[in-house]
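An overview of the molecular structure
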Amino acid sequence: MNELEQVELSFNDDVKRVSNTKELENLRVLYLGKKGKITELFSKIKEIAVEEKKAFGQKINSIKTYVEQKINDLKNKFEEEKVKSEIANEKEIDITLPVSTGTGSLHPRTSLQKEIEDIFISMGFTVEDGYEVETEFNNFDAVNVPKNHPARDMQDTFWLTNGELLKTHTSASQNRILRKYNGPLKAIFPGRCFRNEALDHSHENTFFQMEGMLVDKDVSVANLIYFMKKMLSKVFKTDINIRLRPGFFPFVEPGFEMDATCTFCGGRGCSTCKNTGWLELCPCGMIHPNVFKNAGINPDEYSGFAFGLGFDRLVMLKTGLDDIRYLNSGNIKVLNQFGVEA
Amino acid sequence: MYISMNWIKEFVDLSGIETEELIKKFNLTTAEIEGYEEKGKNTSGIIFARIEKVAEHPNSDHLHILTVNNGTENLQIVCGAPNVRENMTVCLAPIGSYVSGHKMGKAKLAGVESFGMCCSEEELGIGSDNTGIMDIDFPVTLGADIKTVFPIDDIVFEIDNKSLTNRPDLWGHYGIAREFAAMFNRELKPLNLVNLNDFSNNKPLKVVVNSKDCYRYSSIAVENITKKVSPQTMKIRLMYCGMRDINLLTDLTNYMMLELGQPMHAFDKNIVKGIHVNSAKKGIKLLTLEGEEHEIPQDAPLICDSNDTPVAIAGIKGGKLSGITDNTTSLLLESANFDSKAIRVTSTAIGLKTDASLRYEKSLDPEITTIAIARLLYILREIDKDVKVTSSLTDVYNKHYNKVTISITPEFISKRIGVNISKEDIINTLEKLDFIVKDCEKELLVEVPSFRATKDISIKEDLVEEVARSYGYDNIEEMPISMNVEAVEQNITHLNEYKTKYLLAEKYGMNELHSYLWNYDEFNKKNGIETNTYLSLVDSSIAGQSGIRSQIVPTLVKFMSENKNSFDNINIFEIGRCVTGLDENNLAIEENHLGICIASQNQTSEQLFFRLKEILLDITRNIYNVAVSIGTEKSNIPFVHPVNSTTIVSADKEIGYFGLIHPSVKMSIDKRFNMAVLEVDLNKLATSEEIKNKVKKVSKFQDVNIDYTFLVPKGMKYSEIERHINEFKAKMVWSYKLTDIFNSKELGDYSAYTFKFNICSLEKTLTANDIDTFNYRILEHMKKIGLNLKN
């Protein structure tokens, strides 16, 4: 018994002198190592009288547990101190230093076009590609703009040396798309259009439009109103009210100018909507029977509507760009600001 | 076009309807109203007064000191007008009144106090005369507000002309009044006219129409005209509608045009005794009323006198020599109808757009020429009782409008609008708009009035519009669309384009730019960039360029050059169309190209080159999933480097090129910048055959990486080594890659290429023996092309 108490006393003595991890490890070896004082005590069990063996064993075990506990506590204490001192010695990082994400930029048209296309795709529309160089037929005749119609003057056209032209509106694709589906269809066709006019902050000779058509049996003006509301509410991410006014476009009858509640003031009136509460957004109308006939579709069997979005205007509304000429300028300083989401 | 509500109300009683409501309804039902103005709002408190005494001003040779009776007292007024006289009735702006927004106060003129101002009609904004103060020549009550006599207060709204393109009937007040009447279910009053039959016993005029573009020429002669000045009401209306009053006869023709939409012209009967409407011969010139000389295009309709002397450009402008002056006492009145296209073509050719030509371009109703004459004569007689009509109505009506009758069913209308509208309502609506409807049980036969039949309405869809807009677009209940739910095919080409754009912007930090479809000829020439052009703009005057681009890179090089002073590194791309040739039908071959330009002051040409290679393979493999081969041939594009460039080939088709920019272009633009460019036709890439990817099975057992460094003689191409390694038949090779190229003097004519091989077995863990065997075999294999291990 004496021996046991002695080991315990000497441990208590030794442990007080331990001041770092290394000394602690030495202490552990001294008591708990293969030849440690406590380990050796175990080997003495066999020398003990049978009736005392049990009590002796229990005593050693309790001393061992005690020593282990003590060493472990100290170990934790030293580690904690070490972490503390490391934190104390760590140099503070200037988290305000600048970083570069290395990400470039998409043209603001691209981001918005993708966003709007995705909305249409979610509504079951196909996205159709058109040409930029078009025939006179597709651009004018097919969409009911006959020869010498004032509309051919109204849109000053870039004619080409081979008799073709740069398309003046995305409607130039209507004939091809109507022929492709020859019946019910839901399609949008974004594209670049060209008009021979002088540039200023709101006029470009090269600009983007996005046009759509929906064709089926018995499509009505009431359907058009429903659709435009749903679609624009998605585009502007808020409930949009619309109103139709008479509008004249040769490829629709009846034709409409469509106004949407101004998204900037919610219809109360502001500078963007010239205090009317409405934004003139979207010419649209019921597809003209001649447009159907020109594509080989019977206008008594099918009806449908078409609509155009002045896409560049939307880009400007959305980005706050105040000069349309920036869009084709190649000015990296301007365009880089847009990142990959408009 | 400006519309005066006072004028409209002469034809339709709109009492009880607020202006806002009138405008809103018109806007939503008929045409776009750009805005409106409350005329007369800024003028108030102006009264009639009489000059009792005119005295000289002591300090001025042109001012007078007037004693003016305002009905209750005499006021001292200093006035500079030359036409002052005693007993003259004037319009007086007393202290506290407003003259066109300006508040009158007491003033001192050349040292003499003035308690108000006598006004000219120009100062009051109700006429164009500014030569003196208004001289009221009819009895009035002194002190009464002039607004009790002159219709100064008015609402004038402006209609967007563009929105009237297809409505020739709306280019005058009477047509607009008809719309208001229909919209608000009020009655349209008939026009007061003279009966033209009263003159049928007079001698006709000599009118000969030789031009096919003149559909109708109606005329009449009037003599003994003594009045020169238009009534104030007429002046005010002309003024408010954006015209200036000139003299009574000119004003009257303008007034008719604004009222009925029918342009009219008055010739001096002493000069023009008869009319020949000819087709212009070549080289004819005419001096217009404004004193400008215009050469008339050949075959344009031309109004001549009986001697074939040109007197007016038909439908556009009258000639100076035959026009009416203040001395005109007899006139020959023209009210004609011309082919809309002929007028448009002529007016465009001579660069002269007038109020008349604007209207004729819209295909006016030929039926109204005589109505306009009857109306003008009515008004003229109201003003000047003594005028005498000295000819019969002379009316050459060569081309009548085509009568339009449309058969339509109420069901069609209801279905197309999406609202059930009863037959009665449809008939009622159309009749209000002057259509004649015959109810034939199953269908309606609708006869279109002449003023809607020349252009506007020809098919049943046009009638749908009439019914729908009258019903009110705002009243149409929205209706969901029922369509089948078949999945639609999405446009992969389009999606791949987006993926490419996102990859370039997000992973490679590039900026997407948009440009134009034409070449920058001047820039290209200056920097020695040659590019093929297959198609040009016919008129390059506005774009300033003419050639349609066949490549994108030259544009990007231009943009690089424009941005180079702001950035050390420029990474730009565009996806856009190019015209790369003409097909057998002479139609453009249009391709969709990706162009890239990267330029840097701190990266080497080689780094830029490999950057492009990396980008190309990233796009072709990871987005388009096609195999391309490069390096087989140098690119022959003149603006790229003759040595460090390559064609891009896919399935034996050349689909693009990339490489360093040609040194001469680089020197010309900025020698500090290394530059590399790439261009690839995305359509061809999209149609190339896709790589069939088979997923390789991954071993469950431990794999091993072994590095080998071989001495490679300089000049040996990596592709040769690669091909040789690929010939090595060993199932154990999972992958290998070149991890380092090392050059040093000690290595002499060799470079040290380090390859990392990853080997494993699908069946078992590799033993030391397996690895030794592999080692031996690969080294033996490499020796066959003379590659030995370093050391």
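If you're wondering where the values come from, they're calculated on a predicted model, not measured in any experiment.

**Notes on the overall build of chain B**
Check the secondary structure of chain B and you find 20 helices and 38 strands. Relative to the 2.2 N^0.38 estimate, which gives 28 Å for 791 residues, the radius of gyration of chain B is 42 Å and therefore markedly larger than a compact globule would have. Seen through its C-alpha atoms, chain B measures out along the principal axes to roughly 130 × 85 × 55 Å. Out of the 791 residues in chain B, the part that is buried amounts to 53%. In chain B, of all internal contacts separated by at least 6 residues, the share reaching a separation of at least 24 is 70%. For chain B, the centre of its 90 positive side-chain charges and the centre of its 110 negative side-chain charges are spaced 6 Å apart.

**Section: the nonpolar core**
A:Leu166, A:Met228, A:Leu232, A:Met258 and A:Phe307 are the most contacted members of the largest nonpolar core, which totals 117 residues. The leading source of residues in this core is helix H9 (residues 221-236) of chain A, at 10 residues. When near neighbours in sequence (up to four residues on either side) are disregarded, A:Met258 contacts A:Met228, A:Leu232, A:Ile242, A:Arg243, A:Leu244, A:Leu279, A:Glu280, A:Leu281, A:Cys282 and A:Cys284. Core analysis: the second largest hydrophobic core is formed by 61 residues, B:Trp7, B:Phe180, B:Met257 and B:Leu258 among them.

**Comments concerning the pattern of salt bridges**
Counting across every chain of the model gives 60 salt bridges over all chains. Put simply, B:Glu32 and A:Arg245 hold a salt bridge, and the shortest N to O gap is 3.2 Å. Taken as a pair, B:Glu32 in the loop between helix H2 (19-29) and strand S2 (33-39) and A:Arg245 in strand S6 (residues 242-246) lie in two separate chains rather than in one. Assessed through its relative accessible area of 16%, B:Glu32 is described here as buried. For A:Arg245, a relative accessible area of 2% translates into the label buried. A salt bridge links A:Arg325 to A:Asp323; its shortest N-O distance comes to 2.8 Å. Overall, A:Asp323 belongs to the buried group, its relative accessible area being 15%. Linked by salt bridges that have partners in common, B:Arg167, B:Asp169, B:Glu179, B:Arg452, B:Asp456, B:Glu466 and B:Arg469 make up one network.

**As for the sheet that holds strand S35 (residues 704-713) of chain B**
Where strands meet in a sheet, backbone hydrogen bonds hold them as pairs that are either parallel or antiparallel. All names here are of chain B. The sheet built from four strands is open, its strands ordered S36-S37-S35-S38 with antiparallel pairing. Whereas interior strands pair on both sides, the edge strands pair on one side only; in this sheet they are strand S36 (733-742) and strand S38 (788-789). Strand direction decides the pairing type here: S36 and strand S37 (residues 750-759), joined by eight bridges, are antiparallel. For Lys737, the partnering residue across the bridge sits in S37 and is Lys756. Here helix H20 (residues 768-783) sits on the sheet and contacts S35, S36, S37 and S38; the angle it forms with S35, its principal contact strand, is near 20°.

**Re the packing of helix H4 (residues 232-240) of chain B against helix H5 (residues 248-260) of chain B**
Residue and element names in this part refer to chain B. Running from N to C, H4 and H5 point in directions that differ by 60°, and their axes come no closer than 11 Å. Taken as axis vectors, H4 and H5 run oblique relative to one another. Considering the relative orientation of H4 and H5, their crossing is left-handed. Where H4 approaches H5, its residues Met234, Arg237 and Leu238 are matched on the opposing element by Asp251, Leu252, Asn254, Tyr255 and Leu258. In the contact of H4 with H5, the residues fall into five nonpolar, one polar and two charged.

**Description of unusual backbone geometry**
In this chain, A:Glu253 is followed by A:Pro254 through a cis amide linkage whose omega measures -10°. The phi dihedral of A:Lys274 is positive, around 50°, even though this residue is not glycine. Look at A:Lys274 and you get exposed, because its relative accessible area is 70%. A positive phi angle is found at B:Asn224, which is not glycine, with a value near 60°. Position of B:Asn224 among the secondary structure elements: in the loop between strand S14 (214-223) and H4.

**So, H2(B)**
If you check which residues of H2(B) are buried, you get B:Leu22, B:Ile23, B:Phe26, B:Asn27, B:Leu28 and B:Thr29. On its buried face, H2(B) is in contact with S6 of chain A together with helix H1 (5-9), S2, strand S12 (154-159), helix H3 (173-183) and helix H12 (460-471) of chain B.

**Quick word on the interface of chain A and chain B**
With 91 residues of chain A at the interface, the matching set in chain B holds 76 residues. Each partner contributes to the roughly 7100 Å² buried at the junction of chain A and chain B, and carbon and sulfur atoms together form 57% of this total. Linking chain A to chain B there are four salt bridges. We note a salt bridge from A:Lys229 to B:Glu478, for which the minimum N-O separation is 2.5 Å. Inspection of the chain A/chain B interface yields 36 residue pairs in polar contact (both at pLDDT 80 or more). By residue number, the principal contributor to the side of chain A that touches chain B is H9(A), which donates seven residues. Class assignment for the residues of the side of chain A that touches chain B results in 41 nonpolar, 28 polar and 22 charged.

**Topic: the pairing of S6(A)**
Residues and elements named next belong to chain A. Judged by how many residues are buried, S6 sits mostly within the fold: five of five residues are covered. Along S6, one buried face is formed by Ile242, Leu244 and Pro246 and the opposite face, lined by Arg243 and Arg245, is buried too. Pairing between S6 and strand S7 (residues 252-261): five bridges, direction antiparallel. By the bridge assignment, Pro246 is partnered in S7 with Phe256.

**A few points about helix H2 (residues 21-32) of chain A**
Residue and element names in this part refer to chain A. End to end, H2 covers 16 Å across 12 residues, agreeing with the expected 16 Å (1.5 Å per residue, within 8%). Those residues of H2 not exposed but buried are Leu24, Leu27, Tyr31 and Leu32. Projected down its long axis, H2 carries its buried residues within an arc of 95°, all on one side. Where H2 begins, one side-chain oxygen reaches toward the backbone nitrogen of Lys22, 3.1 Å away; that side chain belongs to Asn20.

**Considerations on a negative patch on the surface**
The grouping of B:Glu18, B:Glu20, B:Glu21 and B:Glu38 at the surface amounts to a negative patch. Structurally, B:Glu38 is set in strand S2.

**Details of the domain arrangement of chain A**
With domains assigned, chain A is organised as domain 1 (2-89) and domain 2 (108-338). With centres defined by C-alpha atoms, the gap from domain 1 of chain A to domain 2 of chain A works out at 86 Å.

**Re the side chain of B:His514**
Relative to the elements of secondary structure, B:His514 occurs in the loop between strand S28 (511-512) and helix H14 (521-526). A polar contact of 2.6 Å, which involves the side chain of B:His514, links it to the side chain of A:Arg109. Non-local contacts of B:His514, meaning those with residues more than four positions away in its chain, are made with A:His107, A:Arg109, A:Thr110, A:Phe208, A:Leu327, A:Asn328, A:Ser329, A:Gly330, B:Phe559 and B:Glu574.

**Focus on the state of the cysteines**
What is meant by a disulfide is a covalent connection between two cysteines, made through their sulfur atoms. With the rule as written, the count across this model stands at zero disulfides over all chains. Distance from the sulfur of A:Cys284, which forms no disulfide, to the nearest cysteine sulfur (A:Cys282) is 5.4 Å.

**Observations regarding the side chain of B:Asn563**
One can find B:Asn563 in helix H15 (residues 553-563). Engagement of the side chain of B:Asn563 in a polar contact is seen with the backbone oxygen of A:Gly330, the distance being 2.7 Å. Within polar-contact distance, the side chain of B:Asn563 engages the backbone nitrogen of A:Ile332 at 3.1 Å. Apart from the residues lying within four places of it in its own chain, the contact partners of B:Asn563 are A:Gly330, A:Asn331, A:Ile332, A:Lys333 and B:Ile570.

**Comments concerning the packing of aromatic side chains**
Throughout the structure, instances matching the rule amount to 35 aromatic pairs over all chains. Ring geometry for B:Tyr708 and B:Phe757: centres 5.6 Å apart, planes at 80°, overall edge-to-face. Here B:Phe757 lies in strand S37 and B:Tyr708 lies in strand S35, a separation of 49 residues in the sequence. Taken individually, B:Tyr708 and B:Phe757 each receive the classification buried, so the pair is uniform in this respect. Chaining the aromatic ring pairs together yields one cluster made of B:Tyr708, B:Phe710, B:Tyr718, B:Phe728, B:Tyr736, B:Phe755, B:Phe757 and B:Phe774. Its end group placed over the ring of B:Tyr498, A:Lys114 keeps NZ or CZ at 5.4 Å from the ring centre. Looking at B:Arg178, its charged tip hangs above the ring of B:Phe451, at a distance of 3.6 Å from the centre.

**Side note on the packing of helix H5 (residues 108-122) of chain A against helix H13 (residues 492-507) of chain B**
Between H5(A) and H13(B), whose axes approach to 12 Å, the crossing angle comes to 140°. The angle between the axes of H5(A) and H13(B) places the two elements in the oblique class. In this structure, H5(A) meets H13(B) at a crossing whose hand is left-handed. Here H5(A) contributes A:Thr110, A:Gln113, A:Lys114 and A:Glu117 to the contact with H13(B), which in turn contributes B:His494, B:Tyr498, B:Lys501 and B:Tyr502.

Rules used in this analysis
- Every chain's residues receive numbers from 1 upward, in the order its sequence appears when written.
- Chains and ligands are labelled sequentially in the order written, the chains with letters from A and the ligands with numbers from 1.
- Thresholds applied to this predicted model are a pLDDT of at least 70 for local features of residues and 80 or more for the giving and counting of side-chain atom pairs; totals over whole chains, interfaces and linings are not thresholded and use all residues.
- Processing note: side-chain calculations cover all non-hydrogen atoms of the structure and skip hydrogens and water entirely.
- Secondary structure elements follow DSSP: runs of H or I of four or more residues count as helices, runs of E of two or more count as strands, with numbering from the N terminus.
- When we talk radius of gyration, it's over C-alpha atoms, and the globule rule is simply 2.2 Å times the number of residues to the 0.38.
- Only protein chains enter the accessibility calculation, which uses a 1.4 Å probe; a residue whose area is less than 20% of its type maximum is buried, one above 50% is exposed, and one in between is partly exposed.
- Should any heavy atoms of two residues lie within 4.5 Å, those residues are counted as being in contact.
- Note on charges: Lys and Arg go in the positive column, Asp and Glu in the negative column, and His and the chain ends are not counted at all.
- We put the charge of a Lys on NZ, of an Arg on CZ, of an Asp on CG and of a Glu on CD.
- Definition used in this section: a nonpolar core is a set of buried Ala, Val, Leu, Ile, Met, Phe, Trp, Tyr and Cys residues joined via side-chain atoms within 4.5 Å.
- Counted as salt bridges are all cases of a side-chain nitrogen of Lys or Arg within 4 Å of a carboxyl oxygen of Asp or Glu.
- At least two DSSP bridges between two strands are required for those strands to pair.
- The convention used is that axes are lines fitted to C-alpha atoms, helices contributing only their stretch in contact, and that angles between N-to-C directions extend from 0 to 180 degrees.
- Angles are sorted into four bins: roughly parallel if under 35 degrees, roughly antiparallel if over 145, roughly perpendicular if 65 to 115, and oblique for all others.
- By definition, any crossing whose near helix is turned counterclockwise from its far helix by less than a right angle is left-handed, and any crossing with a clockwise turn is right-handed.
- Any residue that is not Ala, Val, Leu, Ile, Met, Phe, Trp, Tyr, Cys, Pro, Asp, Glu, Lys or Arg is counted as polar, Gly included; the first ten are nonpolar and the last four charged.
- Values labelled buried area give the accessible surface lost by two parts on being combined, using a 1.4 Å probe and summing over both.
- Polar contact criterion, stated in full: a pair of N or O atoms within 3.5 Å, where within protein one must be able to donate a hydrogen and the other to accept it, and residues adjacent in sequence count only if both atoms are side-chain atoms.
- To estimate the expected span of a helix, subtract one from its residue number and multiply by 1.5 Å.
- The directions from the helix axis to the C-beta atoms are what the arc is built from.
- Each patch is built from salt-bridge-free residues with over 30% relative accessible area, joining like charges within 9 Å and nonpolar side chains (Val, Leu, Ile, Met, Phe, Trp, Tyr) within 5 Å.
- For the area figures, the Shrake-Rupley method with a 1.4 Å probe applies, and any residue is considered shielded solely by the protein chains shown.
- Note that domain bounds follow an automatic or database assignment of domains.
- A pair of cysteine sulfur atoms is labelled a disulfide when the two atoms are within 2.5 Å.
- Between 30 and 60 degrees the pair is tilted, below 30 it is stacked and above 60 it is edge-to-face, where a pair is any two Phe, Tyr or Trp rings, Trp via its six-membered ring, whose centres lie within 6.5 Å.
- For a lysine, the NZ atom is tested; for an arginine, the CZ atom; a charge sits over a ring if that atom is within 6 Å of the ring centre and within 35 degrees of the ring normal.

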